[in-house]
Amino acid sequence: MTDNPAASDFPSSSLNRRIVTTRPSAARIWNYWLGGRDYYEVDRKAGDEIRRLHPSIHDYARADRRFLRRAVRHLAAEVGIRQFLDIGAGLPTAENTHEVAQRVLPDARIVYVDNDPLVLVHARALLTSAPEGRTDHVDEDVRNVDSILEHAARTLDLTRPVALMLLDVLAFVTDDEDPHGIVRRLMAALPTGSHLMLSHTVTSPRWPDVDIAAAWWNAHGTPRLNQRTPETVARFFDGLDLLEPGVVSCTRWRPEPADEEAGEPAEVAMYCGVGGKR
């Protein structure tokens, strides 16, 4: 393994003091649904209650992780992108971004960004690079675009194509905070040939229990969840060249052949897409 100092200095003792165990955390619940072990009893109880209100919610977590694997593999193998900026990376689990990318391109560089203290504690220990490449970890909020880019530039060459990854992180940005503007500013700083990978939970009359679960979360968890329609999610790709099949359920973005053998995968209320910058 190579030595991978973080782009920002965050000693574990300081991070541990920031961990709140009295309220459920989105990152820790996501880890619970994915079969991880990095959560507390408060997260397990919240995760079980959300699953009671919306029984297929754990399918979203799995579908989102599988989308990450397929899309990162495509961008590395077919497009040749060697740099990934993963904002809102979440707790490490199987098939993390650097593992998928460096399996194809061992010299790939990845910068993980998150502001959950438990995520950062585990990232330092677990998200290490292949010898030819590099991973770094930034303690920052998605809203702080300039700071993210400044830290990312210590590891990534921002004059060469970058895959910007925003997987279900913008659901925690309110409309007043201009999530579409955040994406535009990030993409504006990246050169031609860069790509946006994005997923987002959606609200739709087809899935009324999603809104019920979201309302429960907003009353008990942190940070606040902001549901958006599929049409609003598609607007994040304005000005980009959308890859086929467009903005669709995560289960239907280029599913594996084994998944297609059983017929068209069932939709989940987690939509995604990949778009390239001209």
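Parameters at a glance
Residues numbered from 1 in each chain as written. Predicted model: local features only at pLDDT ≥ 70, side-chain atom pairs only at ≥ 80, totals over all residues. Heavy atoms only, no water. Helix = DSSP H or I, 4+ residues; strand = E, 2+ residues; numbered from the N terminus. Buried < 20%, exposed > 50% of the residue type's maximum accessible area, 1.4 Å probe, protein only. Contact = heavy atoms within 4.5 Å. Areas by Shrake-Rupley, 256 points an atom, 1.4 Å probe, with all protein chains shown as cover. Axes fitted to C-alpha atoms, helices over the stretch in contact; angles between N-to-C directions. Left-handed = near helix turned anticlockwise from the far one by under 90°. Nonpolar A, V, L, I, M, F, W, Y, C, P; charged D, E, K, R; others polar. Pairing = 2+ DSSP bridges. Salt bridge = Lys/Arg side-chain N within 4 Å of Asp/Glu carboxyl O.

Caption draft 1: Just the overall build of the chain, in detail. Of the regular secondary structure elements, the chain holds eleven helices and eight strands. Across the 278 residues that make up the chain, the buried fraction comes to 56%. A separation threshold of at least 6 residues defines the contact pool for the chain, and within that pool the share at least 24 residues apart is 76%. Accessible surface, the chain as shown: approximately 12100 Å² in total, 49% of it carbon and sulfur.

Caption draft 2: Spotlight on the packing of helix α4 (residues 57–79) against helix α5 (residues 97–104). Look at α4 against α5: their axes get within 9 Å of each other, and the N-to-C directions meet at 35°. Classified by chirality, the crossing of α5 by α4 is right-handed. On α5, the residues that touch Leu-68, Arg-69, Val-72, Arg-73, Ala-76 and Ala-77 of α4 are Thr-97, Val-100, Ala-101 and Val-104. Here the residues of the contact of α4 with α5 are counted per class, giving seven nonpolar, one polar and two charged.

Caption draft 3: The pairing of strand β2 (residues 109–114), seen in detail. Counting buried residues in β2 gives five out of six residues, a clear majority hidden from the surface. Bridge analysis of strand β1 (residues 83–87) against β2 gives five bridges, and the strand direction is parallel. By the bridge assignment for β2, Gln-83 is matched with Arg-109.

Caption draft 4: Representation of the pattern of salt bridges. Throughout the structure, instances matching the rule amount to 17 salt bridges. Across the pair Arg-51 and Asp-48 runs a salt bridge, and its minimum N-O distance is 3.2 Å. You can see Arg-51 and its partner Asp-48 sitting in helix α3 (residues 41–53), three residues apart, about one turn around the helix. Relative accessible area serves as the criterion here: at 26%, Arg-51 is assigned to the partly exposed category. Judged by relative accessible area, which is 27%, Asp-48 ranks as partly exposed. Salt-bridge contacts for Arg-134 lead to Asp-136; the nearest nitrogen and oxygen are separated by 3.2 Å. Classification of Arg-134 by relative accessible area gives partly exposed; the value is 23%.

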